[in-house]
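# Breakdown of the fold
Listed below are the residues making up each chain.
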Amino acid sequence: MEILKAKQKFQHFMSIRSDNPDLLKAQYRAFTRQMPMMYLILISSTWALSITHMQSAPTWLTIGIPAFFTLGCMLRIKFWWRTRNVDPQPAVAYAALVRTNRLAIGIATAFTVWSFLLVPYGDAYAQSHVAFYMAITVISCIFCLMYVRSAAFIVTVIVNGAFVLFFAASRQPTFIAIAINVALVCAGMMSILLTNYRNFERMIISQQRTEALSNENLLLANVDSLTELPNRRAFFTHLEAEFERAKTENTRLALGVIDLDGFKPVNDLYGHSVGDRLLIDVSRRLTTSLKASRAFRLGGDEFAIVAPVAPEDAQLVKNANAISEWLGAPYHLPEGTVHVSASMGIAVFPNLASTLEQLFDRADYALYHAKRSRRGGAVLFDAEHEKQINIEARIEHLLRQGNLEDELSVMFQPIVSLANDQTVGFEALARWHSPVLGHVSPAQFFPIAERAGIVSSLTRPLLKRALAFACEWEEPLRLSFNLSAYDLNSNEGVLSLIGIIESSGFDAKRLDLEITETAFTHDFEQIKSSVEMLRHLGCGISLDDFGTGYSSLTRLHALPLTKIKIDRSFVTDLHKRLASYKIVKSLLNLSRDMELECVVEGVETPEELVALRGLGGTLVQGYLYSRPLNEKDAAEWCCAAARQTGSSTS
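Overview of the structure. Keep in mind the model is a prediction, meaning the values are calculated, not measured.

Reading the values: the criteria
Residues numbered from 1 in each chain as written. Predicted model: local features only at pLDDT ≥ 70, side-chain atom pairs only at ≥ 80, totals over all residues. Heavy atoms only, no water. Helix = DSSP H or I, 4+ residues; strand = E, 2+ residues; numbered from the N terminus. Rg over C-alpha atoms; globule rule 2.2 N^0.38 Å. Buried < 20%, exposed > 50% of the residue type's maximum accessible area, 1.4 Å probe, protein only. Contact = heavy atoms within 4.5 Å. 1 Å grid on protein atoms, 1.4 Å probe; cavity = no way out; pocket = protein on both sides within 12 Å on 5 of 7 lines; lining within 4 Å. Points joined across faces, edges and corners; volume = space filled by probe spheres on them. Nonpolar A, V, L, I, M, F, W, Y, C, P; charged D, E, K, R; others polar. Phe/Tyr/Trp six-rings, centres within 6.5 Å; stacked < 30°, edge-to-face > 60°. Lys NZ or Arg CZ within 6 Å of the ring centre and 35° of its normal. Core = buried A, V, L, I, M, F, W, Y, C linked by side-chain atoms within 4.5 Å. Patch = residues over 30% accessible without salt bridge, like charges linked within 9 Å, V, L, I, M, F, W, Y side chains within 5 Å. Areas by Shrake-Rupley, 256 points an atom, 1.4 Å probe, with all protein chains shown as cover. Salt bridge = Lys/Arg side-chain N within 4 Å of Asp/Glu carboxyl O. Lys, Arg positive; Asp, Glu negative; His and termini not counted. Charge placed at Lys NZ, Arg CZ, Asp CG, Glu CD. Expected span 1.5 Å × (residues − 1). Axes fitted to C-alpha atoms, helices over the stretch in contact; angles between N-to-C directions. Parallel < 35°, antiparallel > 145°, perpendicular 65-115°, else oblique. Pairing = 2+ DSSP bridges. Left-handed = near helix turned anticlockwise from the far one by under 90°.

## With respect to the overall build of the chain
Helix and strand counts for the chain stand at 22 helices and 16 strands. Scaling as 2.2 N^0.38, a compact globule of 650 residues should have a C-alpha radius of gyration of about 26 Å, whereas the chain reaches 44 Å, well beyond that. Dimensions of the chain along its principal axes, counting C-alpha atoms only, are 150 × 50 × 50 Å. Going through the 650 residues of the chain one by one, you find that 47% of them count as buried. Nonlocal contacts in the chain, meaning residues at least 24 apart in sequence, comprise 72% of its contacts between residues at least 6 apart.

## A closer look at empty space enclosed by the protein
Counting across every chain of the model gives 4 cavities of 30 Å³ or more. What the largest cavity holds in volume is close to 220 Å³. Lining of the largest cavity is provided by 22 residues; of these, Leu-42, Ile-107, Ala-108, Cys-141 and Val-155 occupy positions nearest its centre. The element contributing the most residues to the lining of the largest cavity is helix H4 (residues 90-118), with 8 residues. Residues of the lining of the largest cavity, tallied by class, amount to 17 nonpolar, 4 polar and 1 charged.

## Brief notes about the side chain of Thr-459
Counting through the fold element by element, Thr-459 comes out in helix H16 (residues 456-470). In this view, Thr-459 contacts Phe-481, Leu-483, Asp-487 and Leu-497; residues no more than four positions away in its chain are not counted.

## What about the packing of aromatic side chains?
Ring pairs (aromatic) are described by centroid distance and by the angle formed between their planes. In the structure shown here, the tally under the stated rule is 15 aromatic pairs. Considering the side-chain rings of Phe-235 and Phe-360, the 5.9 Å spacing of their centres and the 55° angle between planes classify their relative orientation as tilted. One end of the pair, Phe-235, is in helix H8 (residues 232-249); the other, Phe-360, is in helix H12 (residues 356-373), with 125 residues separating them in the sequence. There is no split in this pair, since Phe-235 and Phe-360 are both buried. Relative to Tyr-368, the ring of Tyr-365 has its centre 6.3 Å away and its plane inclined at 45°; by these criteria the two rings are tilted. With Tyr-365 and Tyr-368 both in helix H12 and 3 residues apart, the pair spans about one turn of that helix. Between the NZ or CZ atom of Arg-285 and the centre of the ring of Tyr-331, over which it lies, the distance is 3.6 Å. The lysine or arginine in question, Arg-451, covers the ring of Tyr-368, its NZ or CZ lying 4.1 Å from the ring centre.

## Let's talk about the nonpolar core
If you look at the biggest cluster of nonpolar residues, it comprises 73 residues, and the most contacted ones within it are Phe-412 and Leu-479. It is H16 that contributes the most residues to this core, 7 residues altogether. Residue contacts for Phe-412: discarding those within four places in its chain leaves Phe-426, Glu-427, Ala-428, Ala-466, Phe-469, Trp-473, Leu-479, Arg-627, Pro-628, Leu-629, Glu-631 and Ala-634. Core analysis: the second largest hydrophobic core is formed by 60 residues, Ala-26, Trp-80, Val-119 and Cys-186 among them.

## With respect to a negative patch on the surface
A surface patch of negative charge is lined by Glu-240, Glu-244, Glu-357, Asp-361 and Asp-364. Elements that contribute at least two residues to the negative patch include exactly H8 and H12. Sort the elements by how many residues they give to the negative patch and H12 lands first, with 3 residues. Structurally, the position occupied by Glu-244 is in helix H8.

## Here we look at H16
In this model H16 runs 21 Å from its N-terminal to its C-terminal C-alpha over 15 residues, within 8% of the 21 Å that 1.5 Å per residue would give. Turning to H16, its buried residues number three or more, namely Ser-456, Leu-458, Thr-459, Pro-461, Leu-462, Leu-463, Ala-466, Leu-467, Phe-469 and Ala-470.

## Observations regarding a nonpolar patch on the surface
Together, Ile-51, Met-54 and Ile-63 line one region of the surface with nonpolar side chains, adding up to about 240 Å² of accessible area. Its place among the elements puts Met-54 in the loop between helix H2 (21-52) and helix H3 (59-82).

## Some words on the packing of helix H13 (residues 383-401) against helix H15 (residues 442-452)
When two helices pack together, their arrangement is given by the angle between their axes and by how far apart the axes lie. Interaxial distance between H13 and H15 falls to 10 Å at its minimum, and their mutual angle equals 75°. One finds that H13 runs roughly perpendicular with respect to H15. Here Gln-388, Ile-391, Glu-392, Ile-395, Glu-396, Leu-399 and Arg-400 of H13 lie close against H15, whose contacting residues are Gln-444, Phe-445, Ile-448, Ala-449, Arg-451 and Ala-452. Of the residues that constitute the contact of H13 with H15, the class distribution is 7 nonpolar, 2 polar and 4 charged.

## Notes on the environment of Asn-160
Mapped onto the elements of the fold, Asn-160 is located in helix H6 (residues 149-168). The exposure class assigned to Asn-160 is buried, which follows from its relative accessible area of 8%. Through-space distance from the C-alpha of Asn-160 to that of Cys-539 is 101 Å; in sequence the pair is 379 residues apart. Excluding residues that lie within four positions of it along the chain, Asn-160 makes contacts with Val-155, Val-182, Ala-183 and Cys-186.

## What to know about unusual backbone geometry
Cis rather than trans, the peptide bond between Phe-349 and Pro-350 has omega equal to 5°. Within the secondary structure layout, Pro-350 lies in the loop between strand S6 (341-349) and H12. For Glu-228, which is not glycine, the phi torsion reads 65° and is therefore positive. Judged by its relative accessible area of 66%, Glu-228 falls in the exposed class. For Asn-250, which is not a glycine, the phi torsion comes out positive at approximately 55°. Mapping Asn-250 onto the fold places it in the loop between H8 and strand S1 (253-261). On the basis of relative accessibility, which here comes to 69%, the residue Asn-250 falls in the exposed class.

## Some points on the sheet that holds S6
Taken together, 5 strands build an open sheet; the order of strands is S2-S3-S1-S6-S7 and the sheet is mixed. In this open sheet, the two strands that pair with only one neighbour each are strand S2 (294-299) and strand S7 (378-380). With strand direction ignored, the average angle separating the axes of adjacent strands in the sheet is 20°. The sheet strands contacting helix H10 (residues 272-288) are S1, S2 and strand S3 (302-307), and the helix crosses S3 at an angle near 10°.

## Some thoughts on the packing of H16 against helix H17 (residues 491-504)
Where H16 contacts H17, the axes come no closer than 10 Å and their chain directions differ by 20°. Taken together, the axes of H16 and H17 lie roughly parallel to each other. Once H16 is placed against H17, the crossing between them reads as right-handed. Listed contacts from H17 to Thr-459, Arg-460, Leu-463, Lys-464 and Leu-467 of H16 are Gly-493, Ser-496, Leu-497, Ile-500, Ile-501 and Ser-504. Looking at the contact of H16 with H17 residue by residue, the class counts come to 5 nonpolar, 4 polar and 2 charged.

Listed below in structure tokens is the structure:
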């Protein structure tokens, strides 16, 4: 058994490893740089020895054989020189190293035999030169062959073995001493060689492990762990590469940005584990629906598609709508059937997008319009959008640079009780008169301010102004004021609002702060905390535009609401549209069941009012009663309402 193990170890030592391609290639590259030097040493040493024997040895021995050796060495030098910068395939490297092993036997034997043939010729100096030649040559070869240990061992055994035996048998004390000395030196050299080779092998294996770890980290850094789609980092790298290619080849490049509509309520209702499974299913559908394009997960419920070969615009939109429709099909999960839709914004290079940043921003802008006007469908960025971007950029600039304290104003629309047709309060409505643009609709400038993150710079002066005017009202008239979700996104923002309310002198218990359902798409825990702080102050909390956004009953119960407001879209032609009639009826019943007050917005005709009375509506506002009033007209309205109340009381 021990003999078998020793044999196996020896075979392993003498063989070229083929199980590690990287090690093979590293050996080959290191080897090719040293082979020319070894053959040059052999040539120069051989001719030096030959010259010292030309006077005493035959010509075929001093000229013929060295010339033959030189020719062979030159051919090998040429071969290794040509391949010194080649990165070989593992099979090629393996074949070259095995061939080197075989050549080592022939070359070592040939040069050793030639050296011994010269020993009978010449005097003691010439014989000493032969001994020196063999010793120095074998040492040089050991160094040059250190990356192929088997070849170095073969050369050492053949040359040094023959050398020791030959000169030890000469019975000359000097030669015997030289033989012993060379044997010891070569043994030491081989020990050093084996140590260096082991270090070399470990270094290559360590590099492999480091590279594997680096590749794994790179993969983790570029792949979304949940969906296994390329992530946001990989997206921008890929988009940049495709953008440069499209510029070079003068081709169209399309970018689609997708956002899931209704994902957050699913997450809230069923939990994050169901939400995660839904995202995985969305990713699978997205991947299977693409051919030449590539899908990415940007984060949350946002995805992207990069299409390097974009068809014409009409076909592009058709394809995008087909993807949105497929993503919007029901998802059958163990917990139940889930419905979401997928809105998509598309931008195309070079059409209306000349830079990488423009391409992404305009796809994102088109997505914003898709979510507003074509929820669950695709919108292609076009010239009209570009015009709108320029307008919005100008509005944003003027909002940032303007004197908002002077330019902003507040209008007031009465809220009326149907029980006695008495005014119970006013809703404050923002107005902006820009010195440059004139009157700008709040429906236009507020969304721009929200996207730009400067909405709080509008909310605060408007709230101060509204509260200052409301202080002149007699009790129990209430003030309703709209807050943006961005006003509630931080404790600092809420504390700023609380400071304004407390310093105004207006009773917080007569103040209703309205938030829209879009607030639920933000950090709900922070929104909830902010609302609770305002409620603790005494403010009423109204949910504005109820039924048009993202709220669920779970969320409604989670917030300390005091009132809901039914959006005007459900009220228009209420008496004619059965669906709207049923929706309003359900919402009124819901508000009663939850013990919340309910304000119906947008009442404009007597027929709508009659229908609302029949449904049990209690509070309304709309053009039927009054358009928004400026401060002077609102003050007169308050006086008239006070006289009417006094008259009815007396």
